[in-house]
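Coordinates in review
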Amino acid sequence: RVKRRVEENRTSMAKHPMLLTTLAQMCLQSEDSEPSSADHKDGENATKAIAHLANDPLNHKLICNEHILAALVHGASLGGQEALVTRDAAILAMERMAMEHSNRPMMARYPGMLVTIAKATEREMHEELNGNPVSSATGQPRLAKPLLMSLLVAM
């Protein structure tokens, strides 16, 4: 987890055989787990790792694949307060990947992607109406609405 934070490691990690698939599987395994379980924390950490890898523009095309999109759609659609960090990390990763214009059509057409981002936009709107200056407790900026707009334009 610590190695992904170092910028020089991000590109080589994204190119490592099976790393992205393994991270995606870890995200998806947390689906049925209890919020206090190790699987839930592993899924959160895997989602945050994908978000860190997505910070490097050289990785945007590389990580935009069906496995990662499935993991991010799953993470962004988790319910409950305990999944807040995972949801925010998933939206952040999607927003970073969408910076690469050629990724947008694939992302926009991925099953469940637009619905999940629309729900995240609605959550962010409620936070804003309640007077929260930034998204939730994580301090992430609100990214869902611009992401949704960019993907709708790409369709």
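Residues numbered from 1 in each chain as written. Predicted model: local features only at pLDDT ≥ 70, side-chain atom pairs only at ≥ 80, totals over all residues. Heavy atoms only, no water.

**A word on the overall build of the protein chain**
Formally: Secondary structure elements are defined from DSSP: runs of H or I of at least 4 residues count as helices, runs of E of at least 2 residues count as strands, and each element is numbered from the N terminus. Only protein chains enter the area calculation, which uses a 1.4 Å probe; residues under 20% of their type maximum are buried, those over 50% are exposed, and those in between are partly exposed. Contacts were defined at the residue level, with two residues in contact if any of their heavy atoms lie within 4.5 Å. Note on areas: these come from Shrake-Rupley sampling with a 1.4 Å probe, and a residue is covered only by the protein chains present in the view.
Each helix and strand in the protein chain was counted, giving 9 helices and 0 strands. In the protein chain, the succession of α and β elements from N to C terminus is α-α-α-α-α-α-α-α-α. Out of the 155 residues belonging to the protein chain, those deemed buried represent 48%. When contacts within the protein chain are restricted to residue pairs at least 6 apart in sequence, long-range pairs at least 24 apart make up 67% of them. Accessible area for the protein chain stands at about 8,100 Å²; split by element, carbon and sulfur atoms hold 57% of it.

**What to know about the pattern of salt bridges**
Heads up, the rule is: Here, a salt bridge means any Lys or Arg side-chain nitrogen found within 4 Å of an Asp or Glu carboxyl oxygen.
One pass over the structure, following the stated rule, counts 3 salt bridges. One salt bridge connects K48 with E44, and the closest N-O pair in it is separated by 4.0 Å. One end of the pair is K48 and the other is E44, both in helix α3 (residues 38–54) and 4 residues apart, which spans about a single turn. Each member of the pair K48 and E44 is classed as buried. Measuring nitrogen to oxygen at the nearest pair gives 2.6 Å for the salt bridge that ties E95 to R96. The exposure class assigned to E95 is buried, which follows from its relative accessible area of 17%. In the salt-bridge network here, residues are joined through shared partners; they are K41, E44 and K48.

**Brief notes about helix α9 (residues 144–154)**
Here is the rule: Relevant arc is that of directions from the helix axis to the C-beta atoms, nothing else.
All buried positions along α9 are accounted for by A144, L147, L148, S150 and L151. For α9, the angular spread of the buried residues around the axis is 165 degrees, confining them to a single face. Across α9 from its buried face, at more than 90 degrees, point the exposed residues K145 and V153. For α9, the secondary structure elements touched by its buried residues are α6 (84–97), α7 (104–109) and α8 (113–129).

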